[in-house]
Amino acid sequence: MRVLLVEDEPVISANIATALSSVGCLTDVSSDGEDAWFRGDTEDFDLVILDLGLPKMDGLAVLKRWRSAGRKMPVLILTARGSWPERVEGIDAGADDYLAKPFQIEELIARVRALVRRAAGQSSPILEAGPVAVDTRQMRVTVNGAALPLSPLEYRLVAYLILHQGRVVSPSELIEHLYGDDDARDANALEALVTRLRRKVGSDVIQTRRGFGYVVDGRSAG
Ligand code: CA
């Protein structure tokens, strides 16, 4: 999962980024409203965590501009404690969830997981496709009940495809959601990664649609 974290307090931002990476999320950090708006407008994220009090452009204005431009990614806003008008305004502007500061990082992570699931039309934290089950709370993958050791990149790939099962996912979408800005983004590396993963989970689970991309077909696999 690729998350845009918009927060101008360096300590809070670093804590959230650490927690997100420990649950397998790739995190892009932005610390002002203009930069955040531009990134959210031009790049694909599975989720945005958006502080409302930001330099250059406040979080509500950023959110309203995304929504009026048709950007639909789930957005969780961080609000000041006790400021209910801010929360109401945020939800009216198109936020999907909110958390008041200060918060427990575990609650934030649980809400992040739930929002990403809901956006993909899934309700359970355990995603299944045929013999493969992905436990998004523990980042564990099993095949027919047996644990499968995977690298972080392999985990992100199988979790992304199963979260979006039934839909053909293009290589460029996968590259955008699996690799950080600093990683080598390369179609050949992706193909090698998919090949390796198919050997591990079973080649019938992840299918190739030549010229289009990859799909986990939940119905035929299960
Ligand atoms: Ca702030």
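This one's a predicted model, so the numbers in the text were calculated from it and none came from an experiment.

A. Summary view of the packing of helix α2 (residues 33-42) against helix α3 (residues 59-68). Packing of α2 against α3 brings their axes to within 9 Å, and their N-to-C directions diverge by 20 degrees. Here α2 is positioned roughly parallel relative to α3, judged by the angle of their axes. The interaxial crossing formed by α2 with α3 has right-handed handedness. Two secondary-structure elements touch here, α2 through G33, A36, W37, G40 and D41 and α3 through V62, R65 and W66.

B. Up close: the coordination of the calcium ion. Here the calcium ion is held by D8 (OD), D51 (OD) and G53 (O), and the distances to it run 2.2 to 2.3 Å. When the donors of the calcium ion are listed by position in the chain, the intervening gaps give D-x42-D-x1-G. Pair noted here: D8 is in the loop between β1 (2-6) and α1 (10-22) and D51 is in strand β3 (residues 47-51), with a separation of 43 residues, a long-range link. Of the residues examined, D8 reaches a relative accessible area of 28% and is grouped as partly exposed. Given a relative accessible area of 5%, D51 falls into the buried group.

C. Structural detail: the nonpolar core. Of all hydrophobic cores here, the largest spans 47 residues; its most connected members are I49, L108, L174, L190 and I206. For this core, the leading source of residues is helix α6 (residues 152-163), giving eight residues. Both domain 1 (2-119) and domain 2 (126-216) contribute no fewer than three residues apiece to this core. Non-local contacts of I49, meaning those with residues more than four positions away in its chain, are made with V3, L4, L5, V6, I16, L20, L76, L78, L108 and V112. Counting residues in each nonpolar core, the second largest holds 18 residues, with V6, F45, W66 and V75 among its members.

D. Local environment of the environment of W66. As for its placement among the helices and strands, W66 is situated in helix α3. Measuring from C-alpha to C-alpha, the distance between W66 and A93 comes to 9.8 Å, with 27 residues separating the pair along the chain. Apart from the residues within four sequence positions on either side, W66 is in contact with L4, A36, W37, G40, D41, V48, L50, R71, M73 and V75.

E. Looking closely at the packing of α6 against helix α7 (residues 171-178). In contact at an axis separation of 10 Å, α6 and α7 are set at 125 degrees when each is read in the N-to-C sense. Here α6 lies oblique to α7, going by the angle between them. The crossing of α6 and α7 is right-handed. Residues L153, R156, L157, Y160 and L161 of α6 lie in contact with α7, whose contacting residues are E173, L174, H177 and L178. Among the residues forming the contact of α6 with α7, the class breakdown is six nonpolar, one polar and two charged.

The rules behind these values
Per chain, the residues get numbers from 1 upward, laid out in the order the sequence is written. Restriction of local features to residues with pLDDT of at least 70 applies here, the model being predicted, together with a cutoff of 80 or more for giving and counting side-chain atom pairs; totals for whole chains, interfaces and linings are based on all residues. In computing side-chain values, all of the structure's heavy atoms are included and hydrogens and water are not. Here, axes are lines fitted to C-alpha atoms. For helices the fit covers the stretch in contact, and angles between N-to-C directions go from 0 to 180 degrees. Think of it this way: any DSSP run of H or I at least four residues long counts as a helix, any run of E at least two long counts as a strand, and we number them from the N terminus. Note that the term roughly parallel is reserved for angles under 35 degrees, roughly antiparallel for angles over 145, roughly perpendicular for angles of 65 to 115, and oblique for everything else. Helix crossings are classified by the rotation of the near helix relative to the far one: an anticlockwise turn of less than a right angle makes the crossing left-handed, while a clockwise turn makes it right-handed. Working rule for contacts: check all heavy atoms of both residues, and any pair within 4.5 Å makes them a contact. Water is absent from the atoms considered, so a metal site may look incomplete; donors are defined as N, O and S atoms within 2.8 Å of the metal, or 3.2 Å for Na, K and Ca. A 1.4 Å probe rolled over the protein chains alone gives each residue an accessible area, and that area as a share of the maximum for its type sets the label: buried under 20%, exposed over 50%, partly exposed in between. Residues belong to a common nonpolar core when they are buried Ala, Val, Leu, Ile, Met, Phe, Trp, Tyr or Cys residues joined through side-chain atoms within 4.5 Å. Segment limits for the domains were obtained from an automatic or database-derived domain assignment. Residues are sorted three ways: Asp, Glu, Lys and Arg are charged, Ala, Val, Leu, Ile, Met, Phe, Trp, Tyr, Cys and Pro are nonpolar, and all the rest, Gly among them, are polar.

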